Amino acid sequence: MSCTTPCRIGVLAEDSRYAEVADELARHIGVVAVRAEDERLVHEVSLRVVVGPEICVYSGHGRNERRIAVDFSAPALQQRVQTGSKDLLIRACGLHKENHRVRRVMDATAGFGNDAWVLAAAGVEVIAAEQDPLVGALLRSALNRARSQGLAASERLTLYVGDAKELNAPEPIDVVYLDPMFSAGRRKAASSKSMSFLQDWLHDKYSEQDQQALFERACDVALARVVVKRSAKAEPLSSYPPTFQIKGKTHRFDVYQLGNGSA
Ligand SMILES: C[S@@+](CC[C@H](N)C(=O)[O-])C[C@H]1O[C@@H](n2cnc3c(N)ncnc32)[C@H](O)[C@@H]1O
C-alpha cells in the first residue's frame, strides 16, 4: 500500500446493496473491507473508501474530514474546457489546428482524468490508462456518472485500469500523452486537494525507470507525437531533445514529433 504516514485504509459499503462491490474493490486494492457497523474500526482507518452509487475517499474525521472524488462536471474543469484551443495541452497535442488529423489520443497516465476529459471534450477519442486500482475505481465511478448525465465527452472516453505499457489498443493511436507521477523524493506543491491526495497515495509507487520505460513504449505506440507534461524547471524526461516545448508558468509540455508528424 502507498501512503506517506502510517495509513490504514478501509473500504466501506454505503449500505448492504454495495457490500459485494466494496469487498471486490478491497480485494483489488489489497486492503480490508470494513463493515459500517464496526464503528471502532471505521474510526481507526485514516482513509475510508466509500462505495455507494459513486465511489469516493474520505480522510480524517469530524471537522478535519476531507472528501476526494473525481467529478467531470466540476466547475474548474468545465472552465478549462471552455478555454478550448488556448489550453496548452490542446495545443501540445495539435488539436488547436483546424484541419488536424488527430483522431485518437492515449492518456497513458490518467490520474483523476482531468486532462483526458479536456482532450475528449475537444472532440477526439481518448483511451485513458490508470495503473493504480483505487485511482482507477474513482475514475470509473466518475465516468459512469458522466455517462448517466449524458455528458458527450464521456462517450469518447474509454478507461483502462492497468499498466499503460501493457495496453494494446485495437485502433491506431495518433498521440500519446504522459503526465508522469511526481518522482520519489521530489515532492512538489500540489495544485489541488485531489492532486495532493494523489501525491500522498502514490508517492513511492513509480520510479524514474518506470517513467523512462513508459516514454519508450509511448514512442513505439504513437503515430504522430508523444507529449510529456513536466514542471517548468524539470529536465526533459528523455535524453532526446523534444521537437518543441509549450511553456506555462508552472509547467510545460515537451512535444516529441515522430515519423508521421503531420498531426
Ligand atoms: C500526475 S497523475 C496524472 C494526472 C492527470 N494528468 C490528470 O489530469 O488528472 C499520474 C498518474 O499516472 C498513473 N500512472 C503512472 N504510470 C502509469 C502507467 N505505466 N500506466 C498507467 N498509469 C500510470 C499514476 O498512477 C497516476 O495516477
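The numbering scheme is per chain: residues are counted from 1 as the chain's sequence reads. In view of the model being predicted, local features appear only for residues whose pLDDT reaches at least 70, and side-chain atom pairs are presented and counted only at 80 or more, with totals across whole chains, interfaces and linings using the full set of residues. Only heavy atoms go into the side-chain values, all of them from the structure, while hydrogens and water stay out.

## A look at the environment of Ile68
Phase 1: The helix count covers DSSP runs of H or I at least four residues long, the strand count covers runs of E at least two residues long, and both are numbered beginning at the N terminus. Structurally, the position occupied by Ile68 is in strand E5 (residues 66-68).
Phase 2: With relative accessibility at 3%, the residue Ile68 sits in the buried group.
Phase 3: A C-alpha to C-alpha distance of 32 Å links Ile68 and Ala222, two positions 154 residues apart in sequence.
Phase 4: Residue contacts follow a heavy-atom distance rule, with two residues in contact if any of their heavy atoms lie within 4.5 Å. If we skip the residues at most four places from it in the chain, Ile68 touches Cys56, Val57, Phe112, Leu138, Lys193, Ser194 and Phe197. Per-residue accessibility, obtained with a 1.4 Å probe over protein chains only, is compared with the maximum for each type, and a residue is labelled buried under 20%, exposed over 50%, and partly exposed between these values.

## Examining the nonpolar core
Phase 1: In this structure, Val11, Phe72, Leu119, Leu134, Leu157, Phe197 and Trp201 are the most contacted members of the largest nonpolar core, which totals 60 residues.
Phase 2: Looking at this core, the element that brings in the most residues is helix H6 (residues 133-148), giving eight residues.
Phase 3: When we break this core down by domain, the ones giving at least three residues each are domain 1 (9-68) and domain 2 (75-257).
Phase 4: What Leu134 contacts, discounting residues up to four positions off in sequence, is Ile9, Ile29, Val49, Val57, Phe197 and Trp201.
Phase 5: In this structure, Ala108, Ile127, Ala129 and Ile173 belong to the second largest nonpolar core, which totals 18 residues. For this analysis, a nonpolar core means a set of buried residues of the types Ala, Val, Leu, Ile, Met, Phe, Trp, Tyr and Cys, connected via side-chain atoms within 4.5 Å. In this entry, domain limits derive from an automatic or database-based domain assignment.

## A few points about the packing of aromatic side chains
Phase 1: Ring pairs are drawn from Phe, Tyr and Trp, using the six-membered ring of Trp, whenever the two centres fall within 6.5 Å, and their geometry is named by plane angle: stacked under 30 degrees, edge-to-face over 60, tilted for the rest. Taken as a whole, this structure holds five aromatic pairs when the rule is applied.
Phase 2: A centroid spacing of 6.2 Å and a plane angle of 10° characterise the contact between Phe112 and Phe197, whose relative ring orientation is stacked. Here Phe112, found in the loop between strand E6 (104-107) and helix H5 (114-121), pairs with Phe197, found in helix H7 (residues 193-201); they are 85 residues apart in sequence, far enough to count as distant.
Phase 3: We classify Phe112 as buried; its relative accessible area is 3%.

## Topic: the site of the ligand
Phase 1: By convention in these notes, a residue is near a molecule or strand provided one of its non-hydrogen atoms lies within 4 Å of it. Taken together, 23 residues surround the ligand, and among them Asp115, Glu130, Ala164, Asp179 and Tyr206 come closest.
Phase 2: Measuring from an oxygen atom of the ligand, one finds a side-chain N or O atom of Glu130 at 2.6 Å.
Phase 3: With respect to the ligand, the side chain of Tyr206 contributes an N or O atom lying 2.6 Å from an oxygen atom.
Phase 4: In short, Shrake-Rupley with a 1.4 Å probe defines the accessible areas, and a residue's cover is counted only from the protein chains shown. Coverage of the ligand by the protein chains reaches 97% of its 600 Å² of free accessible surface.
Phase 5: Those elements giving two or more residues to the shell around the ligand turn out to be H5, strand E7 (125-130) and H7.
Phase 6: Three classes are used, and their members are as follows: Ala, Val, Leu, Ile, Met, Phe, Trp, Tyr, Cys and Pro are nonpolar, Asp, Glu, Lys and Arg are charged, and the others, Gly among them, are polar. Across the shell around the ligand, the residue classes tally to eleven nonpolar, six polar and six charged. Residues adjacent in sequence count toward polar contacts only when both atoms are side-chain atoms; beyond that, a polar contact is any pair of N or O atoms within 3.5 Å, and within protein one must be able to donate a hydrogen and the other to accept it.

## Points about the UniProt feature "binding site: S-adenosyl-L-methionine" (unreviewed entry) in the protein
Phase 1: On the UniProt side, "binding site: S-adenosyl-L-methionine" (unreviewed entry) is annotated at positions that read Asp179 here.
Phase 2: Relative accessible area serves as the criterion here: at 25%, Asp179 is assigned to the partly exposed category. UniProt positions are given in the numbering used here, feature names are shortened, and annotations may be inferred rather than shown by experiment.

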